[in-house]
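# Results of the structural survey
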Amino acid sequence: MNTVVESVRKNLDFTQNKTLKILIYEAFKKTIVLGDIPAGSRINENEFADVLNISRMPIRFAMSQLVKEQLVEHVPRVGIVVKGISIKDAHEIYEIRKSLDTLATIAAMKQMNEEDFAELKKILERGEELNKEEKVDSVLQNFSDFNAFIYEKSQMFRLKSFVLSLQAYLLYFRDIAIRSSDRRDRALEEHWLIFRGMQTKDEDQIQLITHEHLDHSLKFILAEMERRKID
């Protein structure tokens, strides 16, 4: 069997309560982002449809979405070709996130009341409990909850949408990085420092810790990309 098709098949999770076209799209995206389909590879829609025993419609939908996200491109007289994501892309995305996350956190800080801070503290405390119990998937969700809470309270909804679109490119690498117990411990500490900076209205600390936090995440992501021989 074509190794490209097999790589996508491995990332198909039919246990999720999602439509087939979304499952196919997410499987392709994860496989491409993680470098399991090398840049320059051609995606043959007919071959995928035959091997997976599905119609071409879900595959066409996946390709249209991935073209928009610039993970694949349509090359005249060739077809759909994988672009993937590069180390340069990772650096660029994290530089953008440094600015946007700092902006959102400071904006949230100015909007939040005592009840909001108490709720954010509970999220952090829950993250510590889950980490001690080694419930890694739940810790990942908790980290997402922490970020989502801040963006919600920032009331900068266009900014939230933009950052989520950026994060989607590196989500799989982030998850791999956070599965390291050292990185989970460090990330929790950094979240607490961001929280305290918000409590004390210390914008300089928020910027410093947010930048350090993202630099540390990027370091793990780059190491994984290099291990996977992604340039």
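Structure: above.
Our subject in this report is the structure included herewith. (Residues numbered from 1 in each chain as written. Predicted model: local features only at pLDDT ≥ 70, side-chain atom pairs only at ≥ 80, totals over all residues. Heavy atoms only, no water.)

## So, the packing of helix α5 (residues 87-111) against helix α9 (residues 181-199)
Filter applied, for reference: Lines fitted to C-alpha atoms define the axes, with helix axes restricted to the stretch in contact, and inter-axis angles between N-to-C directions lie between 0 and 180 degrees. Think of it this way: any DSSP run of H or I at least four residues long counts as a helix, any run of E at least two long counts as a strand, and we number them from the N terminus. In this scheme, roughly parallel covers angles under 35 degrees and roughly antiparallel covers those over 145, while 65 to 115 is roughly perpendicular and the rest are oblique. By definition, turning the near helix anticlockwise from the far helix through less than a right angle yields a left-handed crossing, and turning it clockwise yields a right-handed one. In what follows, residue pairs with any heavy atoms lying within 4.5 Å of each other are defined as contacts. Nonpolar residues are Ala, Val, Leu, Ile, Met, Phe, Trp, Tyr, Cys and Pro. Charged residues are Asp, Glu, Lys and Arg, and all others, Gly as well, are polar.
It is the contact of α5 with α9, at a shortest axis distance of 9 Å, that shows an interaxial angle of 45 degrees. The orientation of α5 with respect to α9, classified from their angle, is oblique. The interaxial crossing formed by α5 with α9 has right-handed handedness. Of the residues in α9, those touching α5 at T105, A108 and M109 are I194, G197 and M198. Across the contact of α5 with α9, the residue classes break down as four nonpolar, two polar and no charged.

## Digging into the sheet that holds strand β2 (residues 72-75)
The pairing of strands in a sheet comes from backbone hydrogen bonds and takes either a parallel or an antiparallel form. Put simply, the rule is: DSSP calls a pair of strands paired once it identifies at least 2 bridges connecting them.
Judged by pairing direction, the sheet is antiparallel, and its three strands sit side by side in the order β1-β3-β2 without closing on themselves. Whereas interior strands pair on both sides, the edge strands pair on one side only; in this sheet they are β1 (42-43) and β2. Across two bridges, β1 lies against strand β3 (residues 79-82) in antiparallel orientation. What sits directly across from I43, in β3, is I80.

## Topic: the packing of aromatic side chains
Stated precisely, the cut-off is as follows: Geometry of aromatic contacts follows a simple scheme: Phe, Tyr and Trp rings, the Trp one being its six-membered ring, pair when their centres are within 6.5 Å, and the pair is stacked under 30 degrees between planes, edge-to-face over 60, tilted otherwise. Relative accessibility decides the category of a residue: with a 1.4 Å probe and only protein chains considered, values under 20% of the type maximum give buried, values over 50% give exposed, and everything between is partly exposed. Two conditions define a charge sitting above a ring: the NZ of Lys or the CZ of Arg must be within 6 Å of the ring centre, and it must be within 35 degrees of the ring normal.
A full pass over the atoms with the stated rule returns four aromatic pairs. Each ring, one from Y25 and one from F61, has its centre 6.4 Å from the other, and the planes form 80 degrees; the classification is edge-to-face. Separated by 36 residues along the polypeptide, Y25 in helix α2 (residues 20-33) and F61 in helix α4 (residues 56-68) bring together distant segments of the chain. Residue classification places Y25 among the buried residues on the basis of a relative accessible area of 13%. Considering the side-chain rings of W192 and F195, the 5.7 Å spacing of their centres and the 85 degrees angle between planes classify their relative orientation as edge-to-face. Taken together, the residues W192 and F195, both in helix α9 and three residues apart, mark about one turn of the helix. Among the residues examined, W192 registers a relative accessible area of 11% and is labelled buried. Pairwise contacts between aromatic rings join F117, W192 and F195 into one cluster. The ring of F61 has K21 sitting right over it, with the charged end atom 4.5 Å from the ring centre.

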